[in-house]
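Each chain is listed here by its residues.
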Amino acid sequence: MLGRLAFWHALVRTLLLQAAWNFERMQHIGFCYVLLPMLRLLWRGEALSEAVRRHYQFFNTHPYFAPVIIGAVTRLEEDWAQGRASSARHVNTLKLGLMGSLGAVGDSLFWAALRPFSAWMAIIIMLLGQPGLGIIAFLVLYNVPHFLVRFGGAGVGYVTGLDIVRQLRKVDFPNLAQKLKAGAMTAAFTALPLLAWSIAPRTDARVGAVLLGVVVFALVRKGTGGTRLAFGYLGATVFVGWIWTVLFGDPQ
Amino acid sequence: MLTLALLIAVGVLVCLDRTQLLQVMISRPIVVGPALGAWAGEPLLGVALGIGFEFLYAGRLPVGSHVPPNDTLAAVGGAGLLVFTGTIDTMAEAGVAAALALPLAEVGRGVDIWARKLNGRLAQRIDRQMAQGDWSQIERAPWIALAMAAGAYAGTLLLYFPLAGWALDMLTDGWPGWLEGAFAVFLAGLPFIGLAESTANLDPRRFPRSAVVGLAMGIVLLLLVV
């Protein structure tokens, strides 16, 4: 068995997994960097260099799910180092097989579902007049599942090894993501009346904001987005303000 | 000067959290905006800026090799301006801060792409060393990459704050009432753009019941609060 200290050392290193991310081989430096403390315990001399070269290859997955793969790969490397030759041919197959599917699952679960859900819940709390509590709620709601997957997943990966594929199939990640998206939608629409009521400081600004918001909503549904949309909206507010002044005089 | 240095240090830390380090989401505008707003003594303006920037790029996820606009840098630029100037206390002025910070999202995207390209060169250097049997550079590479990205973010913010502070003064000094109102409405409506982006990304047609239930809950909550 590998030392618990080495395993924790590697887990902490996963927090730097994407530091040297690049367009050519993506997370390959980070993956190798995370595995190094454990490879050093398992291999010596030329065998260690060979192991480093083996893992200094293209790698890309969701950063929170990477430890699951790292745990499983560590287990296979350990079995290999202890003489179970069958593990050797599975190391790269497992790595390549899991990184794509876990990448897609992680993107859908964390980026597209849990993050908006946590953010909208936090926004509701903030709009109720508790900005500090809102920040804490966001970080807790998001990071409890995050660290559960990151650190718990590494443990499960290590314990199950090659069997991790069967273990992962037991969890219905797409359904979980759908439920979180539905939750995010509920929270977003809960925030809508609170937003309309609390953000705008004056009645006319409030009405203007809501009306422009409706226009913007229609624009977004047509596929406009981001910086261009925001500047378009700014242009619209300035134009409306100027027209107002021409017709009714300056409000000041 | 000390405020600027602290602001840049905080800005660099949260920008690194985005991809390179931790990823515990202290980089999200919804955290950065209210936190910097509280630092400036204007928590509500911070909340308005944070909510405004949070979902502006909801449809641009960091999937595969796609690098989305850097909304963290934009949030630091917008809410950080409250701290840097120390004079922003109205929705209209905060609206100007938001407008000045918007281009930072695209600038930050450029910085992110540049940092990733530099990482590619770092990888090539490691390749050459590994061909000679030396792989020790792998231990240092993440830290070198981290330092390069931190330097790039710090440099961007160092240029931005004095420039944006000057632009804010120029724009708001003796400005007409209609322009002031326009910027107040701009900031007030920015969260609605976020809401539209976010819900469009979640696809409301798939969750019509969630949207209706949410709206009803929001109205009840509002009635309770008011």
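Above this note sits the structure.
Being a predicted model, the structure only gives us computed values, none of them experimental.

A. Inspection of the overall build of chain A at higher detail. Along the backbone of chain A there are 10 helices and zero strands. In chain A, the order of α-helices and β-strands from amino to carboxyl end is α-α-α-α-α-α-α-α-α-α. Within chain A, the proportion of its 252 residues that are buried is 54%. Counting contacts in chain A only where the partners sit at least 6 residues apart, residues at least 24 apart contribute 73% of the total.

B. Geometry of the overall build of chain B. Within chain B one finds eight helices and zero strands. Starting at the N terminus and walking to the C terminus, you meet the elements of chain B as α-α-α-α-α-α-α-α. Expressed as lengths along the three principal axes of its C-alpha atoms, the size of chain B is roughly 70 × 50 × 25 Å. Burial statistics for chain B: of 226 residues in total, 60% are counted as buried. Taking contacts inside chain B between residues at least 6 apart in sequence as the whole, the part at least 24 apart equals 77%. With an accessible surface of roughly 8600 Å², chain B has 66% of that area assigned to carbon and sulfur atoms. Between the mean site of the 13 positive side-chain charges and the mean site of the 16 negative ones, chain B shows a separation of 15 Å.

C. Focus on the environment of Leu-180 of chain A. Among the secondary structure elements, Leu-180 of chain A is positioned in helix 8 (residues 173-198). In contact with Leu-180 of chain A, not counting residues within four places along its chain, are Leu-109, Ala-113, Leu-114 and Phe-117 of chain A.

D. Representation of the packing of aromatic side chains in the model. All chains considered together, the criterion is met by 17 aromatic pairs over all chains. Judged by centre distance (6.1 Å) and plane angle (65°), the ring pair of Phe-65 of chain A and Phe-110 of chain A falls under edge-to-face. Here the residue Phe-65 of chain A occupies a position in the loop between helix 3 (45-55) and helix 4 (66-81), and Phe-110 of chain A occupies one in helix 5 (residues 86-127), the gap between them amounting to 45 residues. Assessed through its relative accessible area of 1%, Phe-110 of chain A is described here as buried. Here the aromatic residues Tyr-64, Phe-65, Phe-110, Trp-111, Phe-138, Tyr-142 and Phe-173 of chain A are joined through ring pairs into a cluster of three or more. A cation over an aromatic ring shows up here: Arg-116 of chain B above the ring of Trp-21 of chain A, its NZ or CZ 5.4 Å from the ring centre.

E. Broad picture of the nonpolar core. By size, the foremost hydrophobic cluster in this structure holds 156 residues, and its most contacted members are Val-52 and Phe-110 of chain A together with Phe-53, Ile-138 and Phe-186 of chain B. For this core, the element with the highest residue contribution is helix 5 of chain A, accounting for 19 residues. Phe-186 of chain B has contacts with Ala-230, Tyr-233, Leu-234 and Thr-237 of chain A together with Gly-95, Ala-98, Ala-99 and Leu-102 of chain B, leaving out every residue within four places of it along the chain.

F. Geometry of the interface of chain B and chain A. Chain B puts 91 residues into the contact, and the matching count from chain A is 93 residues. When chain B packs against chain A, the two sides together hide about 8100 Å² of surface, and 76% of this comes from carbon and sulfur. Summed over the three residues of chain B that lose the most area to chain A, namely Trp-135, Trp-178 and Phe-192 of chain B, the buried surface amounts to 9% of that side. Linking chain B to chain A there are three salt bridges. In this structure, the salt-bridge partner of Glu-139 of chain B is Arg-40 of chain A, at a minimum N-O distance of 2.7 Å. At the surface where chain B touches chain A, the tally comes to 17 residue pairs in polar contact (both at pLDDT 80 or more). Every element with two or more residues in the side of chain B that touches chain A is listed here: helix 2 (29-40), helix 3 (43-54), helix 5 (91-131), helix 6 (137-172), helix 7 (177-202) and helix 8 (208-225) of chain B. In terms of residue count, helix 7 of chain B provides more of the side of chain B that touches chain A than any other element does, 23 residues in total.

G. Structural view of unusual backbone geometry. For Met-26 of chain A, which is not glycine, the phi torsion reads 55° and is therefore positive. Residue classification places Met-26 of chain A among the buried residues on the basis of a relative accessible area of 10%. The phi torsion at Met-25 of chain B lies on the positive side, around 75°, for a residue other than glycine. Locating Met-25 of chain B in the fold gives a position in the loop between helix 1 (2-18) and helix 2.

H. Main features of the pattern of salt bridges. In total, this model carries 11 salt bridges over all chains according to the counting rule given. We note a salt bridge from Glu-50 of chain A to Arg-53 of chain A, for which the minimum N-O separation is 3.5 Å. Here Arg-53 of chain A and Glu-50 of chain A lie together in helix 3, a separation of three residues that amounts to about one turn. Residues Asp-79 of chain A and Arg-75 of chain A are paired through a salt bridge, measuring 3.6 Å at the closest nitrogen-oxygen approach. Within this pair, Asp-79 of chain A and its partner Arg-75 of chain A are both found in helix 4, separated by four residues, close to a single helical turn. Overlapping salt bridges, with partners in common, bring together Arg-18, Arg-28, Glu-54 and Asp-71 of chain B in one network.

I. Structural context of the packing of helix 3 of chain B against helix 4 (residues 71-85) of chain B. Residue and element names in this part refer to chain B. Contact geometry for helix 3 and helix 4: axes closest at 10 Å, N-to-C directions at 160°. By the angle between their directions, the pair helix 3 and helix 4 is classed as roughly antiparallel. Considering how the two elements wind past one another, helix 3 and helix 4 form a crossing that is right-handed. Judged by residue contacts, Leu-45, Gly-46, Leu-49, Phe-53 and Glu-54 of helix 3 engage Asp-71, Ala-74, Ala-75, Gly-78, Ala-79 and Leu-82 from helix 4.

J. Just the packing of helix 8 of chain A against helix 8 of chain B, in detail. Running from N to C, helix 8 of chain A and helix 8 of chain B cross one another at 35°; their axes reach a closest spacing of 7 Å. In this structure, helix 8 of chain A meets helix 8 of chain B at a crossing whose hand is right-handed. Seen from helix 8 of chain A, the contacting residues are Ala-182, Met-185, Thr-186, Phe-189, Thr-190, Leu-192, Pro-193, Leu-194 and Trp-197 of chain A; seen from helix 8 of chain B, they are Ser-210, Ala-211, Val-213, Gly-214, Leu-215, Met-217, Gly-218, Ile-219, Leu-221, Leu-222 and Val-225 of chain B. Across the contact of helix 8 of chain A with helix 8 of chain B, the residue classes tally to 15 nonpolar, five polar and no charged.

What counts and how
Residues numbered from 1 in each chain as written. Chains lettered and ligands numbered in written order. Predicted model: local features only at pLDDT ≥ 70, side-chain atom pairs only at ≥ 80, totals over all residues. Heavy atoms only, no water. Helix = DSSP H or I, 4+ residues; strand = E, 2+ residues; numbered from the N terminus. Buried < 20%, exposed > 50% of the residue type's maximum accessible area, 1.4 Å probe, protein only. Contact = heavy atoms within 4.5 Å. Areas by Shrake-Rupley, 256 points an atom, 1.4 Å probe, with all protein chains shown as cover. Lys, Arg positive; Asp, Glu negative; His and termini not counted. Charge placed at Lys NZ, Arg CZ, Asp CG, Glu CD. Phe/Tyr/Trp six-rings, centres within 6.5 Å; stacked < 30°, edge-to-face > 60°. Lys NZ or Arg CZ within 6 Å of the ring centre and 35° of its normal. Core = buried A, V, L, I, M, F, W, Y, C linked by side-chain atoms within 4.5 Å. Buried area = accessible area lost by both parts, 1.4 Å probe. Salt bridge = Lys/Arg side-chain N within 4 Å of Asp/Glu carboxyl O. Polar contact = N/O pair within 3.5 Å; in protein donor to acceptor, adjacent residues only side chain to side chain. Axes fitted to C-alpha atoms, helices over the stretch in contact; angles between N-to-C directions. Parallel < 35°, antiparallel > 145°, perpendicular 65-115°, else oblique. Left-handed = near helix turned anticlockwise from the far one by under 90°. Nonpolar A, V, L, I, M, F, W, Y, C, P; charged D, E, K, R; others polar.

Just distances and angles here, no functional claims.
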